Amino acid sequence: MDAAPSAPAAITCRAAVAWGPGQALVMEDVEVAPPGAMEIRVKVVSTSICRSDVTQWQSTAQPDLFPRIFGHEASGVVESVGEGVTEFQVGDHALTVFIGECMSCKHCVSGKSNMCQKLGLERKGVMHSDQKTRFSIGGKPVFHYCAVSSFSEYTVVHSGCAVKVSPTVPMDRICLLSCGVSAGLGAAWNVADISKGSSVVIFGLGTVGLSVAQGAKLRGASKIIGVDTNPDKEEKGKAFGVTDFINPGELSEPVQQVIKRLTDGGADYSFECVGDTGVVSTALQSCSDGWGLTVTLGVPKTKPEVSSHYGLLLSGRTLKGSLFGGWRPKSDIPSLVDKYTNKEIQVDGLVTHDMSFSDINKGLELMLENRCLRCVIHMPH
């Protein structure tokens, strides 16, 4: 009679650990615990650096959550599964996601929301299930980020925070679908529901903003205005559907005045993809009376409060927020992977750098210097 398969044991691997806010990541040997109930341990294959990784790494708001392993936009292979996991098997390819889908809470069953009450955005640096970490160095805990922590050769995630994908799709590109690209496309399609022939303005042409532009183009928007202080974004914007480019630094008048002239009184849709609450107000002023819709996607580094004149809302404008583009990860992301496979959406053009894991600090520097859209980190085989 065959012996029962032995339970997974703790493993030691290399991880890029942040020991304090803004401090260069240090390659450390970390112990990764076995997956708990309903969790899976993943061998990370590729992880891209998202702007929010950089923002939170630099932030002094949660000094107690160090040492910490950042990273959340990732793809990998399931190395072991915890008790109760039936959806994944060892060897499955998966995307990690920073918000999960439990399939049973009020929001998951509503069909109207991706704000899962059990596996929502994790802000305390621990696992959802037991509020503990799965990483340690010398017996002392190392905190997680967004319950993913992909700047490590191995990580443990809840099975509800992972999406199974075909083993034929390129892991080093679809990792972008686990956050940035999906966030932008979903804001355009799900949250704004852009209509054909409409006018769109996008503040911030990073990965998310360019993905909004792509989504708007695919919906048949007639005018897609990109606003960015980096002149290099003009050419990149065109490749993703931007028809008009504005650099606010070159204007002698408020950018919203220029947008109103270009759109006969204001855009039908405006998107704030910078992470600046001041820009939210500008975006609201840039959209049309009566039906103008502003969607905010950015995560502000400072001043989280949004302020605007009440008259902008009284005249019929709407302000909406968007997290992960409204996608329900397990239900919806497989269809986006299919669109990528069928060449219906472009992702590859957003990857400006490919680097080895040992060069991860260079990738962070490129993001800080605004010299890259997405840098994909390739883990050692």
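The name given to the chain in an unreviewed UniProt entry is Enoyl reductase (ER) domain-containing protein, and the organism recorded there is Brachypodium distachyon. In its Cofactor (unreviewed entry) section, UniProt records this for the chain: "Zn(2+)".

Draft legend 1. Representation of the UniProt feature "domain: Alcohol dehydrogenase-like C-terminal" (unreviewed entry) in the chain in the model. Within this numbering scheme, the UniProt entry marks residues 208–339 as carrying the feature "domain: Alcohol dehydrogenase-like C-terminal" (unreviewed entry). Taken as a whole, residues 208–339 contains 39% helix and 15% strand, while its terminal C-alpha atoms sit 17 Å from one another.

Draft legend 2. Looking closely at the pairing of strand β16 (residues 351–356). Two elements, β16 and strand β17 (residues 374–378), share five bridges in a ladder whose sense is parallel. The residue bridging aspartate 354 from the neighbouring strand is valine 376, located in β17.

Draft legend 3. Seen up close, the domain arrangement of the chain. The domains assigned to the chain are domain 1 (11–178 + 347–378) and domain 2 (183–323). On a C-alpha basis, the centroid separation for the pair domain 1 and domain 2 is 29 Å. Contacts between the two partners involve ten residues from domain 1 and, on the opposite side, eleven residues from domain 2. Both sides together, the interface formed by domain 1 and domain 2 hides about 1000 Å², and carbon and sulfur atoms give 70% of it. Where domain 1 touches domain 2, the interface holds zero salt bridges. Counting the contacts that link domain 1 with domain 2 gives four residue pairs in polar contact (both at pLDDT 80 or more). Class assignment of the residues belonging to the side of domain 1 that touches domain 2 gives a composition of five nonpolar, four polar and one charged.

Draft legend 4. Molecular detail of the state of the cysteines. Counted under the stated rule, the structure contains zero disulfides. Distance from the sulfur of cysteine 102, which forms no disulfide, to the nearest cysteine sulfur (cysteine 116) is 3.7 Å. Looking at the unpaired cysteine 372, the closest cysteine sulfur is the one in cysteine 375, lying at 5.6 Å.

Draft legend 5. Region of interest: unusual backbone geometry. Cis geometry marks the peptide bond from phenylalanine 66 to proline 67; its omega dihedral reads -5°. Here proline 67 shows up in the loop between α1 (51–58) and β4 (73–81). Even without being a glycine, methionine 103 presents a positive backbone phi close to 75°. Tracing the sequence through the fold places methionine 103 in the loop between β5 (93–96) and α2 (106–110). Classification of methionine 103 as partly exposed rests on a relative accessible area of 46%.

Draft legend 6. Region of the structure containing the pattern of salt bridges. Within the structure shown, the criterion is met by 19 salt bridges. The residue lysine 164 makes a salt bridge to aspartate 92 at a minimum N-O spacing of 3.6 Å. Of this pair, lysine 164 sits in strand β9 (residues 162–165) while aspartate 92 sits in the loop between β4 and β5; the two residues are 72 residues apart in sequence, bridging distant segments of the chain. A residue is classified by how much of its surface remains accessible, and lysine 164, at 39% relative accessible area, is partly exposed. Taking the relative accessible area as the measure of exposure, aspartate 92 reaches 16% and is therefore buried. Residues arginine 328 and aspartate 332 are paired through a salt bridge, measuring 3.6 Å at the closest nitrogen-oxygen approach. Look at arginine 328 and you get partly exposed, because its relative accessible area is 24%.

Draft legend 7. Spatial organisation of the UniProt feature "domain: Alcohol dehydrogenase-like N-terminal" (unreviewed entry) in the chain. Under the UniProt annotation, "domain: Alcohol dehydrogenase-like N-terminal" (unreviewed entry) lies at residues 37–165. Span residues 37–165 is 10% helix and 29% strand, its end C-alpha atoms 22 Å apart.

Draft legend 8. Highlighting the pairing of strand β11 (residues 223–227). Extensive coverage of β11 is indicated by the burial of four of its five residues. The pairing of strand β10 (residues 199–203) with β11 spans five bridges and is classified as parallel. Directly across from valine 200, in β11, lies its bridge partner isoleucine 224. This β-α-β element, β10 to helix α5 (residues 207–218) to β11, shows right-handed connectivity.

Calculation criteria
- Residue indices follow the written sequence of each chain, beginning from 1 at its first position.
- Two thresholds apply to this predicted model, a pLDDT of at least 70 for residue-level local features and 80 or more for giving and counting side-chain atom pairs, whereas whole-chain, interface and lining totals are computed over all residues.
- Only hydrogens and water are set aside when side-chain values are computed; all heavy atoms of the structure are taken into account.
- UniProt positions are given in the numbering used here, feature names are shortened, and annotations may be inferred rather than shown by experiment.
- Strands are runs of DSSP state E lasting at least two residues, helices are runs of H or I lasting at least four, and both sets are numbered from the N terminus onward.
- What makes two strands pair is DSSP finding at least two bridges between them.
- For every domain, the bounds stem from an assignment made automatically or drawn from a database.
- Whether two residues are in contact is decided by their heavy atoms: any pair within 4.5 Å suffices.
- Two parts placed together each lose some accessible area; with a 1.4 Å probe, that loss summed over both constitutes the buried area.
- The salt bridge criterion pairs a side-chain nitrogen of Lys or Arg with a carboxyl oxygen of Asp or Glu, the two atoms within 4 Å.
- Pairs of N or O atoms within 3.5 Å make up the polar contacts considered here, provided that, within protein, one atom can donate a hydrogen while the other can accept it, and that residues adjacent in sequence are counted only when both atoms are side-chain atoms.
- Residues are sorted three ways: Asp, Glu, Lys and Arg are charged, Ala, Val, Leu, Ile, Met, Phe, Trp, Tyr, Cys and Pro are nonpolar, and all the rest, Gly among them, are polar.
- By convention in this document, the label disulfide applies to cysteine sulfur atom pairs within 2.5 Å.
- Residue exposure (1.4 Å probe, protein chains only): buried if accessible area is under 20% of the type maximum, exposed if over 50%, otherwise partly exposed.
- By the criterion used throughout, a crossover qualifies as right-handed when its path from the first strand across the helix to the second strand runs clockwise, the strands pointing away from the viewer.

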